[in-house]
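# A closer look at the structure
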Amino acid sequence: MERFSNDNVTTGYNDLGATNAAVEATKNIVGAATRNMDPERLREATEALSSAKAQIESARNSATGVDEAFLQRCEVTLQKCEQQLNAAKI
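Counting restarts for each chain: residues are numbered from 1 in the order of the written sequence. In keeping with the predicted nature of the model, local features appear solely for residues at pLDDT of at least 70, side-chain atom pairs appear and are counted solely at 80 or more, and the whole-chain, interface and lining totals rest on all residues. Heavy atoms throughout the structure, all of them, feed into the side-chain values; hydrogens and water do not.

## Details of the nonpolar core
Soluble, globular proteins show a tendency: their nonpolar side chains are buried together. Where we set the bar: Residues grouped as a nonpolar core are buried Ala, Val, Leu, Ile, Met, Phe, Trp, Tyr and Cys residues, joined through side-chain atoms within 4.5 Å. With a 1.4 Å probe rolled over the protein chains alone, any residue whose accessible area is under 20% of its type maximum counts as buried; one over 50% counts as exposed, and the rest are partly exposed. A run of H or I in DSSP counts as a helix once it spans at least four residues, and a run of E counts as a strand once it spans at least two, with each numbered from the N terminus.
Counting residues in each nonpolar core, the largest one holds 17 residues, and the members touching the most others are Ile56, Leu78 and Leu85. Contributing elements (two or more residues each) for this core: α1 (12-36), α2 (39-61) and α3 (68-89).

Below, the structure written as structure tokens:
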């Protein structure tokens, strides 16, 4: 009997879930980095921010169009994270 595997299936929902997870993780990483002010953590936060931005762009490329408001909210969240991170680096 043949079995189906959907491990490689990509859907808009998967993209949005991954985007949400990336944004939430970035918020946590930036928060921890700016509390500790450890240079390594600040570097990791910068990388997380870049990765989350790329995830948003990927989700936008495969979005159905009705997801735009969600993606815009994610971008606003990341803008706030970036401002927090930039302020910590000064």
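## Points about the pattern of salt bridges
Oppositely charged side chains can pair when the atoms bearing their charge come close. Just so we agree on the cut-off: Any Lys or Arg side-chain nitrogen located within 4 Å of an Asp or Glu carboxyl oxygen qualifies as a salt bridge.
Summed over the entire model, instances satisfying the criterion amount to 6 salt bridges. Here Glu40 makes a salt bridge to Arg43, at a shortest N to O gap of 2.2 Å. With a gap of 3 residues between them, Glu40 and Arg43 both fall in helix α2, about one helical turn apart. On the basis of relative accessible area, Arg43 is assigned to the partly exposed category, the value being 38%. Measuring nitrogen to oxygen at the nearest pair gives 3.1 Å for the salt bridge that ties Glu82 to Lys53. Taken together, the residues span a long stretch of sequence, with Glu82 in helix α3 and Lys53 in helix α2 at a distance of 29 residues. Within this structure, Glu40, Arg43 and Glu47 form a network of salt bridges that share partners.

## Structural notes on α3
Rules: For a helix, the expected span equals 1.5 Å multiplied by the number of residues minus one. Note that the arc is computed from the directions linking the helix axis to the C-beta atoms.
An ideal rise of 1.5 Å per residue puts 32 Å on 22 residues; α3 measures up with 31 Å between its terminal C-alpha atoms. Those residues of α3 not exposed but buried are Leu71, Cys74, Leu78, Cys81, Leu85 and Ala88. Considered in projection along α3, the buried side chains sweep an arc of 90° and stay on one side of the axis. Across from the buried face of α3, at angles greater than 90 degrees, the exposed residues are Arg73, Lys80, Gln83 and Ala87.

## Notes on the environment of Cys81
To keep things clear, this is the line we draw: A contact between two residues is defined here by any heavy atoms of the two lying within 4.5 Å.
Here Cys81 lies in helix α3. The exposure class assigned to Cys81 is buried, which follows from its relative accessible area of 6%. Expressed as a C-alpha distance, the spacing of Cys81 and Thr34, which sit 47 residues apart in the sequence, is 10.0 Å. Residues within four places of Cys81 in sequence aside, it is in contact with Lys27, Val30 and Leu49.

## Considerations on unusual backbone geometry
Despite not being glycine, Met37 shows a phi value in the positive range, around 60°. Residue placement: Met37 occurs in the loop between α1 and α2. The exposure class of Met37 is partly exposed, given its relative accessible area of 39%.

## So, the packing of α2 against α3
The condition is simple: Lines fitted to C-alpha atoms define the axes, with helix axes restricted to the stretch in contact, and inter-axis angles between N-to-C directions lie between 0 and 180 degrees. Throughout this description, any angle smaller than 35 degrees is read as roughly parallel, any larger than 145 degrees as roughly antiparallel, any in the 65 to 115 degree range as roughly perpendicular, and the remainder as oblique. In this scheme the crossing of two helices becomes right-handed for a clockwise turn of the near helix relative to the far one and left-handed for an anticlockwise turn of less than a right angle. Under the grouping applied here, Gly and all other residues not named as nonpolar or charged are polar, the nonpolar ones being Ala, Val, Leu, Ile, Met, Phe, Trp, Tyr, Cys and Pro and the charged ones Asp, Glu, Lys and Arg.
Following both chains from N to C, one finds α2 and α3 inclined at 165°, their axes separated by 10 Å at the closest point. When the axis of α2 is compared with that of α3, the two are roughly antiparallel. You can see that α2 and α3 cross each other, and the crossing is left-handed. Residues Leu42, Ala45, Thr46, Leu49, Ala52, Lys53, Ile56, Ala59 and Arg60 of α2 pack against Glu68, Leu71, Gln72, Cys74, Glu75, Leu78, Cys81, Glu82, Leu85, Ala88 and Lys89 of α3. Here the contact of α2 with α3 is composed, by residue class, of 12 nonpolar, 2 polar and 6 charged.

Such coordinate-based values are descriptive only and should not be taken to indicate function.
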